Amino acid sequence: MSNSFSYDEDWASMYEKHTSLVGRISEAEEAATFLERFSSGRSAFELGIGNGRVAVPLSERGVKVEGLDNSDSMLKLLAKRTDLIKACKGNIANFKSEQRYDLVYCVYGTFTLLYTRDDQIACLRSAAEVLNEEGVLVIEMRVPSFDGFVGGQKTSASLVDEENTFLVAELHDPINQNLTSTLLWFSDESVRRITERVRYVYPQELDAMAECVGLGLTERWGDWARVAFTDVSKRHISVYRRTSL
Ligand SMILES: C[S@@+](CC[C@H](N)C(=O)[O-])C[C@H]1O[C@@H](n2cnc3c(N)ncnc32)[C@H](O)[C@@H]1O
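**Describing the packing of helix H1 (residues 9–21) against helix H4 (residues 72–81)**
Stage number 1. The geometry of H1 relative to H4 is characterised by a closest axis approach of 8 Å and an angle of 40° between their N-to-C directions. Comparing the axis directions of H1 and H4 gives the class oblique. Two secondary-structure elements touch here, H1 through Glu9, Ala12, Tyr15 and Glu16 and H4 through Ser73, Met74, Leu77 and Arg81.
Stage number 2. Class assignment of the residues belonging to the contact of H1 with H4 gives a composition of 4 nonpolar, 1 polar and 3 charged.

**Here's the deal with the sheet that holds strand S9 (residues 191–199)**
Stage number 1. The strand order S6-S7-S8-S9 describes an open sheet built from 4 strands, whose pairing is antiparallel. The two strands at the open ends of the sheet, each matched to only one other strand, are strand S6 (153–160) and S9. Put simply, the sheet's adjacent strands are angled 20° from each other on average, direction ignored.
Stage number 2. Against the sheet, H1 touches S6, strand S7 (164–173), strand S8 (178–187) and S9, its axis set at about 85° to S8.

**A look at the site of the ligand**
Stage number 1. Around the ligand, the surrounding shell holds 21 residues, and the nearest of these are Tyr15, Glu46, Gly48, Arg53 and Asp69.
Stage number 2. Contact between the ligand and Arg53: an oxygen atom at 2.7 Å from a side-chain N or O atom of the residue.
Stage number 3. Between the ligand and Asp69 there is a distance of 2.6 Å, counted from an oxygen atom to a side-chain nitrogen or oxygen.
Stage number 4. Taking 590 Å² as the accessible area of the ligand by itself, protein coverage stands at 99%.
Stage number 5. In terms of residue class, the shell around the ligand is built from 10 nonpolar, 8 polar and 3 charged.

**Some remarks on the sheet that holds strand S4 (residues 101–106)**
Stage number 1. Taking strand neighbours across the sheet as the criterion, the 7 strands line up as S3-S2-S1-S4-S5-S11-S10 in an open arrangement whose pairing is mixed. Unpaired on one side and paired on the other, strand S3 (86–89) and strand S10 (215–221) mark the two borders of the sheet. With strand direction ignored, the average angle separating the axes of adjacent strands in the sheet is 20°.
Stage number 2. Contacting strand S1 (43–47), S4, strand S5 (131–142), S10 and strand S11 (235–242), helix H5 (residues 117–129) crosses the sheet at an angle of about 145° to S5.

**Focus on the domain arrangement of the protein**
Stage number 1. Considered domain by domain, the protein is made up of domain 1 (9–143 + 201–242) and domain 2 (153–197).
Stage number 2. Put simply, the middle of domain 1 and the middle of domain 2, counted by C-alpha atoms, are 23 Å apart.
Stage number 3. Contacts between domain 1 and domain 2 engage 12 residues on the former and 15 residues on the latter.
Stage number 4. Where domain 1 abuts domain 2, roughly 1,100 Å² becomes buried across the two surfaces, and 61% of that area is made up of carbon and sulfur atoms.
Stage number 5. The three residues of domain 1 that bury the most area against domain 2 are Met14, Leu21 and Tyr115, which together make up 48% of that side's buried surface.
Stage number 6. Where domain 1 touches domain 2, the interface holds 0 salt bridges.
Stage number 7. The tally of links from domain 1 across to domain 2 stands at 2 residue pairs in polar contact (both at pLDDT 80 or more).

**A short note on the pattern of salt bridges**
Stage number 1. One pass over the structure, following the stated rule, counts 14 salt bridges.
Stage number 2. We note a salt bridge from Arg37 to Glu219, for which the minimum N-O separation is 2.9 Å. Of this pair, Arg37 sits in helix H2 (residues 28–39) while Glu219 sits in strand S10, placing them 182 residues apart in sequence.
Stage number 3. A network of salt bridges, in which partner residues are shared, links Arg24, Glu27, Glu140 and Arg235.

Thresholds, definitions, all that
- Residues numbered from 1 in each chain as written.
- Predicted model: local features only at pLDDT ≥ 70, side-chain atom pairs only at ≥ 80, totals over all residues.
- Heavy atoms only, no water.
- Axes fitted to C-alpha atoms, helices over the stretch in contact; angles between N-to-C directions.
- Helix = DSSP H or I, 4+ residues; strand = E, 2+ residues; numbered from the N terminus.
- Parallel < 35°, antiparallel > 145°, perpendicular 65-115°, else oblique.
- Contact = heavy atoms within 4.5 Å.
- Nonpolar A, V, L, I, M, F, W, Y, C, P; charged D, E, K, R; others polar.
- Pairing = 2+ DSSP bridges.
- Near = heavy atom within 4 Å.
- Polar contact = N/O pair within 3.5 Å; in protein donor to acceptor, adjacent residues only side chain to side chain.
- Areas by Shrake-Rupley, 256 points an atom, 1.4 Å probe, with all protein chains shown as cover.
- Domains from an automatic or database assignment.
- Buried area = accessible area lost by both parts, 1.4 Å probe.
- Salt bridge = Lys/Arg side-chain N within 4 Å of Asp/Glu carboxyl O.

Shown next as structure tokens:
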């Protein structure tokens, strides 16, 4: 049985405002520019497509984008924005398609929402199987960091402005490489609570899991503008190609 997690209606209704506040909407065009390089005028498939934050600008550049998501609420948000993108309900840990793609991509840490190693490897295997010969898999995720954790826990204010305060409480389970984080979002109108569990992965482990399914790392960047990935990078964008299948 897969340990899948789905964005419910509550979270989906706040998603656009949340991504705007944390700067993720403003960088979507840059992400699309990066991804277009691997899919120009051709085909792409997004794992955990959500509301199309990145898929919509990519499709506006002439790329035929398709996607998968396990949340009806997120798929509804996408459908409201565009009818250019074909998206299906399904689990990124285990999917199949007759179609082969030039680009498969999974951004904004969505891969780590699969909180077991087995599901993560199964996701990479499914992705490798739907790539065409020259196709690439692009994954964006945070570099794990435990600065400020005491006794396996950390609480921080991740955003404070005139209208919003984000308090984030994180709990570390090192045995399963899981981080459970609860966001308390105080705004003028309400207090909301959003909990998420991820299995964090260091870049080296991601490369090793990718190798297991016949994918080799070809590029790694520190952001969508292709700044170099270094030992102080907070996230990475990794590009894999098929080595053998
Ligand atoms: C962090 S959001 C990213 C959404 C979008 N890709 C973006 O960049 O804004 C994660 C998305 O993945 C979906 N998701 C989480 N776990 C999933 C799973 N196991 N299978 C399919 N979709 C999943 C959620 O419903 C949500 O839409």
